[in-house]
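If you want the building blocks of each chain, they are given just below.
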Amino acid sequence: MPRKFLLIGSGLAGGLLAAYLGRRGYEVDLYERRSDPRAGNFVGGRSINLALSTRGIHALQQLGIADEVLRHAIPMRGRMIHEKSGALHFAPYDRDPNKYINSIGRAALNTVVIEAAQRYPNVRVHFNHRCTDVDLDTATAQLVDSSVEAGVSPAIPKVTEASADAVIGVDGAFSAVRHSMQRKLSGFEYDESYLAHGYKELTIPPAPDGSWRMEKEALHIWPRKSFMMIALPNPDGSFTCTLFWQFEGPRSFASTKTDDDVRRFFDQEFPDAVPLMPTLVDDFRANPTGSLVTIRCAPWSYKDKVALIGDAAHAVVPFYGQGMNAAFEDCVVLDECLAESRNNRERTFAEYFSRRKENADALADLAVENFIEMRDKTASRAFRAKKKLDHLLEGLLPGTYLPLYTMVTFTRIPYVEAAQRARRQDCIVYASLIALLILIVGMLTLLFRSIGR
């Protein structure tokens, strides 16, 4: 008799995991608190763009849907740095021009993975069902059904229960499944840390002829030391912009109260972008200001009954573009663990945690560090020189030297291993440069002494 999984959350990783489990023959019921995104119910204003790279593509390839997804994506081959003066600097992500990240809209990707899951007759998707609690011992979820039957008004939410052999929380950073574990498990470790910065989504619309108003195949960055704005391309010719700015302070979201304040700030800091943003003030006023949180917790499972995947287990800030890719990689690893110990879910969940926890923690650190790099360092000549040196060494030492960004984004090297290897490489490079400098100074000293005799 096939075993049954109850998945809470049909976001990106939820839909993908449902497809993986459906492929293995499990019965799957997937519950999502929002309505079906395919019905045009997607609401913007909260980071709708994603950067799909090697780890995520690999997860999609295992289900045969990578090409379908990539048809909706735009290659971003590097960072386009915008200085206040209007000067532009393009920095490729890799020395190999065929290595790039992909800008893709959340709604398009979500649609593909949900439809991939529903190709399996043993997978059922239920929208408009919000999980409020989970009984850990019986793997039973309490759900509020907010769907509205045609002609029925007002809607009266119904409370229902759903049970399975195991519940998996794929319901994001503020997971109801994880909250149930927090409340009911003694010794459950939980930490959430917020950046002092928030984010707001803005828009650069397409040109009148439908073309892109800036370089299409780039991730655009306006680095301004303590804050920044980025822009990712969309297939319709628009760019989704995101301003990352302090919540509080003399220049911050809190201090920007009027439309004139908004215009003045953007005119001063992003003068080349303002002419491209005709709805700037309306977008700034209408779109919410989101927070940036890192969540770490342990354990990620309870017996053989409950487990956590993706942001529910390890939310990270978005500055390495790896949150979704890491969640997809979680699905791959859990699928591998299920294959290795098919009849022992408790062992499966424990092995999955063992393989992923330290990598999730390493990624959390890398993501915060990359925020500092993007907002502070990308405009620096020294930083750009270091990137060129990275690419030079990668070419001179193929397979031996790999820049950190390459390892994280264009390989499947575990995050913790990539971080450790990058630190070792940096130590060797810096030591070599110091030794070379000492050698040059010594040679010059000998040369001047010989001249002075």
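Residues numbered from 1 in each chain as written. Predicted model: local features only at pLDDT ≥ 70, side-chain atom pairs only at ≥ 80, totals over all residues. Heavy atoms only, no water.

Caption draft 1: Structural detail: the confidence of the model for the protein chain. The share of residues in the protein chain with pLDDT of 70 or more is 95%, and the mean pLDDT across the chain is 92. Predicted confidence is poor over residues 149-153, with pLDDT under 50, and the contacts of this stretch with residues over four places away or in other chains come to zero contacts. (pLDDT = per-residue confidence, 0-100. Contact = heavy atoms within 4.5 Å.)

Caption draft 2: Structural view of the pattern of salt bridges. Applying the stated criterion across every chain, the model contains 33 salt bridges. Measuring nitrogen to oxygen at the nearest pair gives 2.7 Å for the salt bridge that ties Arg-251 to Glu-269. Here Arg-251 is found in the loop between β16 (239-246) and α6 (259-269), whereas its partner Glu-269 is found in helix α6, with 18 residues between them in sequence. Three or more residues are tied together by salt bridges with common partners; here these are Lys-4, Glu-27, Asp-29 and Arg-124. (Salt bridge = Lys/Arg side-chain N within 4 Å of Asp/Glu carboxyl O. Helix = DSSP H or I, 4+ residues; strand = E, 2+ residues; numbered from the N terminus.)

Caption draft 3: Broad picture of the packing of helix α1 (residues 12-23) against helix α9 (residues 323-340). Running from amino to carboxyl end, α1 crosses α9 at an angle of 20 degrees, the nearest separation of the two axes being 9 Å. Judged by the inter-axis angle, α1 sits roughly parallel to α9. Seen along the crossing, α1 lies across α9 with a hand that is right-handed. Note on element contacts: α9 touches α1 through Met-324, Ala-327, Phe-328, Cys-331, Val-332, Leu-334, Asp-335 and Leu-338, opposite Leu-12, Ala-13, Leu-16, Leu-17, Tyr-20, Leu-21 and Arg-23. Among the residues forming the contact of α1 with α9, the class breakdown is 13 nonpolar, no polar and two charged. (Axes fitted to C-alpha atoms, helices over the stretch in contact; angles between N-to-C directions. Parallel < 35°, antiparallel > 145°, perpendicular 65-115°, else oblique. Left-handed = near helix turned anticlockwise from the far one by under 90°. Nonpolar A, V, L, I, M, F, W, Y, C, P; charged D, E, K, R; others polar.)

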